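# Analysis of the macromolecular model
Residues per chain are reported as follows:
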Amino acid sequence: MKELKLYLYNLIPSGAVGIIIAIFVHTFINPSTPIYILFIMYFLIGTVVGTVTAMSFNFAIYKTSSVKIAFLSAFLGIGVSVFFINILFRTHCTHGWGASLIIIAIAEIFGMIITYSSYRYYININNKLEKRKKDFSGQNR
Amino acid sequence: MDIKLLCSKNYQVLLEEFLRSRNFNISDNASIHLIESGYPIPEKGISIVFHPDQLDKLVTFLDESIFSNKQSFDFRNGRIVGQYQDSYEIIELKDIILFEASENYVYSLTNDKKYKIKEKLYQLEEMLANSGFIRINKSSIVNILYIKEIVPWFNGRLLLKLNNKLELEVSRNYANDFKKFLGM
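Residues numbered from 1 in each chain as written. Chains lettered and ligands numbered in written order. Predicted model: local features only at pLDDT ≥ 70, side-chain atom pairs only at ≥ 80, totals over all residues.

On the chain B side, the residues contacting the 22 residues of chain A number 21 residues. For the side of chain A that touches chain B, the secondary-structure elements that each account for two or more residues are α1 (2-29), α2 (35-64) and α4 (91-139) of chain A. No other element matches α4(A), which puts 12 residues into the side of chain A that touches chain B. Residues belonging to the side of chain A that touches chain B are distributed by class as follows: 9 nonpolar, 8 polar and 5 charged. (Contact = placed C-beta atoms within 7 Å. Helix = DSSP H or I, 4+ residues; strand = E, 2+ residues; numbered from the N terminus. Nonpolar A, V, L, I, M, F, W, Y, C, P; charged D, E, K, R; others polar.)

Hydrogen bonds along the backbone pair up the strands of a sheet, which may run parallel or antiparallel. Residue and element names in this part refer to chain B. Across the sheet, which stays open at both edges, the 3 strands sit in the order β13-β14-β15 with antiparallel pairing between neighbours. The open sheet is flanked by β13 (147-152) and β15 (167-170), the only strands paired with a single partner. Ignoring which end each strand starts from, the neighbouring axes of this sheet average 25 degrees apart. In this sheet, strand β14 (residues 158-162) lies alongside β13 in antiparallel orientation, the contact comprising 5 bridges. Opposite V151, over in β14, you have L159 as the bridge partner. (Pairing = 2+ DSSP bridges. Axes fitted to C-alpha atoms, helices over the stretch in contact; angles between N-to-C directions.)

Before going further, it helps to spend a moment on the sheet that holds strand β1 (residues 2-6) of chain B. Residue and element names in this part refer to chain B. The strand order across the open sheet formed by 4 strands is β2-β1-β3-β4, and the pairing between neighbours is parallel. Only two strands of the sheet have a single partner each, and these edge strands are β2 (25-26) and β4 (46-50). As defined by bridge partners, β1 adjoins β2 across 2 bridges and the pair is classed as parallel. Bridged to D2 within β2 is N25. Contacting β1, β2 and β3 (32-36), helix α1 (residues 9-20) runs over the sheet at an angle of about 165 degrees to β1.

What follows deals with the pairing of strand β6 (residues 79-84) of chain B. Residues and elements named next belong to chain B. As judged from the 6 bridges shared by β6 and strand β7 (residues 87-92), these two strands associate in the antiparallel manner. Looking across to β7, one finds that G82 is bridged to E89. Pairing analysis gives 2 bridges linking β6 to strand β10 (residues 114-117), with the strands arranged antiparallel. Counterpart to Q83 in the pairing with β10 is K116.

Here is the structure:
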């Protein structure tokens, strides 16, 4: 249960990105759909995209220790997942490819901001580790 | 030496294990008593009364005051005694990569050997807190000098990549303490 709570807590930022996209869709693309439906729909989409992004970033860091590859993985993870969600919802048919691209761009911008915060956390925790290692390296030798 | 325990069953098991690991016999006829607060204090003999909430302090007190001569542990000098096959060897703390509990035993891992250690994991955790060792999950204490990289993992967990290519997970329960230890 605690695992689930923590997982849901971690999904809030990516769900919030979904809400921003929902506002964009309601304002510029599809004002006829009730806003609460768009909120729920895009919040859930945001959480899925957020999960994919986090998994891509963490797994790339784990496998390669390369920040560039990790950012590229997150970028592709966001782009590909949002593209397929647009295809699933037939956004390109009802509102054109332009709308699909704008949705992907918004998701990329906010998704990469979340990814950047993950990156800062990764850098910060490893810097702290190095500092602590220095503290103890003198003591243990 | 004999010692008598007067406490609830939960603590009885724990304390028996702790005392036996220090070569004490649990006996009803002993003149030294370890008594949980609330239990009647015998009229004769020596009695040490403890409150269950401060069991950790009791363990520290016993270790530092009474059993200090019985330990195989000389952490102030950065050494510990470990059993390797049929012989005992002194291991420098700086050579130990991690301590791990497995099948009722605690082992210390160095680059080339795996030693059996007399101390329990919770004792090592307490004694080595200021020596660069940190508990990362239910069964491991790691020397931070051997951590090469920390990778944020899923659901608030952390993955540690060690210098010897071993990978260990900091469980969610220990992740906060681990971060505090790093100064986050």
